[in-house]
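Now for the letters of each chain:
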Amino acid sequence: MELKIDKEMPADAPVGVFDSGVGGLTVAREIMRQIPNEKIIYFGDTARVPYGSKSKETITKYSRQIVRFLQEQQVKAIVVACNTASAYALDEIEKELDIPMMGVVKPGAKAAVEVTKNGRIGVIGTEGTIGSHIYSTYINQIDPGIKVTGKACPLFVPLVEEGLWQDPVTDEIAVRYLSGLVESGIDTLILGCTHYPLIRSTLGRIVGKGVTLVNPAYETARELKELLEKKNLLNQKKQELGTERYCFYVSDMADKFQTFANSILTYGILSAKTIHIENY
Ligand code: DGL
């Protein structure tokens, strides 16, 4: 079978995945699980996290620099494993590229529409993602009758980055953020920030059994597989574990990132390297 696209990108080239920090690892983990033959180059912008409180212009500039870095690594496709960057920068940057690029918002919106029974969906995310109304836009394109209620939860990202996944402080803040959403009668809640699946058990406990949590990472990995298949870019070669298969880069604090990544991924990552993303 021919495994090339127009620009002769080989199917065994890696997939680029990026986020503001560790959150995108929840998406990378799902890609590793669903399409284990794929090599991944992950970039976490640990020097400039959080993205959620910054402007569209700034996030577009950061995303463009990361995309340039990933292209230099000869990736065959790019996954924006960050809701904020998907909301702010994806549309503009994908037009500039000759490789496929996808985000996490559209897959997450689609999954939530499939899950809801009462037509009331809640979305939690960064100030940027919620302020952009991107989830309600996509959801209402599929079904205009669905009521979408958004809630920005800016303190969740630092709590996750600090490793406070099971902590009374996180519980307290989650109750404050989520009680209004639960009272509004939602039956589905989109975890609209890639950091949030790491506090999934806390969130699930607070919203209760009547609300189904949607993690867009699962649907994103599924759609990535479909996209690669369509472009004849799905890697058929089985990969050995090692640096060749999964490479991690950050813009600061590589050691801290490495420890964190090792606690999320099911195998030890060999190393994370720091690069100067401002040079791109
Ligand atoms: N994990 C990111 C998201 O999905 C961004 C978090 C942040 O940097 O504020 O939006």
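Here the structure is shown first, and the text comes after it.
An account of the accompanying structure is given in this report. What you are looking at is a predicted structure, and each value in this text was computed from that prediction instead of being measured.

### Re the nonpolar core
Of all hydrophobic cores here, the largest spans 55 residues; its most connected members are Ile-124, Phe-156 and Leu-203. Counting 28 residues, the second largest nonpolar core, distinct from the first, contains Val-67, Phe-69, Leu-97 and Ile-99.

### Concerning the pairing of strand β9 (residues 246-250)
For a regular strand, side chains alternate in direction, first toward one face of the sheet and then toward the other. The element β9 is largely enclosed, with a buried count of five among its five residues. Two strands pair when backbone bridges link them, and strand β2 (residues 40-44) and β9 are joined in this way by five bridges, in the parallel orientation. Considered in β9, the bridge of Tyr-42 is made with Phe-248. When β9 meets strand β10 (residues 272-274), the two strands line up parallel, connected through three bridges. Looking at the pairing, Val-250 lines up with Thr-274 of β10.

### Some thoughts on the site of the ligand
Close to the ligand lie 14 residues, the nearest being Ser-20, Tyr-51, Asn-83, Thr-84 and His-195. Interatomic distance of 2.7 Å between a backbone N/O atom of Tyr-51 and an oxygen atom of the ligand. Note that a nitrogen atom of the ligand is positioned 2.8 Å from one of the side-chain N or O atoms of His-195. Burial of the ligand by the protein amounts to 99% of the accessible area it has alone, namely 300 Å². Considered class by class, the residues forming the shell around the ligand number six nonpolar, seven polar and one charged.

### Thoughts on the sheet that holds strand β7 (residues 188-191)
Read across the sheet, four strands follow the order β6-β5-β7-β8 without closing on themselves; strand pairing throughout is parallel. A single partner strand is all that each edge strand has here, and the edge strands are β6 (147-152) and β8 (212-214). Adjacent strand axes in the sheet meet at a mean angle of 25 degrees when their direction is disregarded. Helix α5 (residues 105-115) rests against β5 (120-125), β7 and β8 of the sheet, and its axis sits at about 160 degrees to β8.

### With respect to the packing of α5 against helix α7 (residues 134-142)
Packing of α5 against α7 leaves a shortest axis separation of 9 Å and a crossing angle of 50 degrees. Between α5 and α7, the crossing angle belongs to the class labelled oblique. α7 is crossed by α5, and the crossing has right-handed handedness. Here Val-105, Lys-106, Gly-108, Ala-109, Lys-110 and Val-113 of α5 come into contact with α7, specifically with Ile-134, Tyr-135, Tyr-138, Ile-139 and Ile-142. Of the residues assigned to the contact of α5 with α7, the class counts are eight nonpolar, one polar and two charged.

### Considerations on the environment of Ile-66
With respect to the helices and strands, the residue Ile-66 is situated in helix α2 (residues 56-72). Along the chain, Ile-66 and Tyr-249 lie 183 residues apart, while their C-alpha atoms are 10 Å from each other. When near neighbours in sequence (up to four residues on either side) are disregarded, Ile-66 contacts Phe-18, Phe-43, Asp-45, Arg-48, Tyr-51 and Ile-277.

### Side note on the pattern of salt bridges
A full pass over the atoms with the stated rule returns 13 salt bridges. Between Asp-45 and Arg-48 there is a salt bridge whose closest N-O contact spans 2.8 Å. Both residues of the pair, Asp-45 and Arg-48, belong to the buried class. Across the pair Glu-278 and Arg-48 runs a salt bridge whose closest N-O atoms are separated by 3.2 Å. Here Glu-278, found in the segment after β10, pairs with Arg-48, found in the loop between β2 and α2; they are 230 residues apart in sequence, far enough to count as distant. Connected via shared salt-bridge partners are Asp-45, Arg-48 and Glu-278.

Criteria and thresholds
- Residues numbered from 1 in each chain as written.
- Predicted model: local features only at pLDDT ≥ 70, side-chain atom pairs only at ≥ 80, totals over all residues.
- Heavy atoms only, no water.
- Core = buried A, V, L, I, M, F, W, Y, C linked by side-chain atoms within 4.5 Å.
- Buried < 20%, exposed > 50% of the residue type's maximum accessible area, 1.4 Å probe, protein only.
- Helix = DSSP H or I, 4+ residues; strand = E, 2+ residues; numbered from the N terminus.
- Pairing = 2+ DSSP bridges.
- Near = heavy atom within 4 Å.
- Polar contact = N/O pair within 3.5 Å; in protein donor to acceptor, adjacent residues only side chain to side chain.
- Areas by Shrake-Rupley, 256 points an atom, 1.4 Å probe, with all protein chains shown as cover.
- Nonpolar A, V, L, I, M, F, W, Y, C, P; charged D, E, K, R; others polar.
- Axes fitted to C-alpha atoms, helices over the stretch in contact; angles between N-to-C directions.
- Contact = heavy atoms within 4.5 Å.
- Parallel < 35°, antiparallel > 145°, perpendicular 65-115°, else oblique.
- Left-handed = near helix turned anticlockwise from the far one by under 90°.
- Salt bridge = Lys/Arg side-chain N within 4 Å of Asp/Glu carboxyl O.

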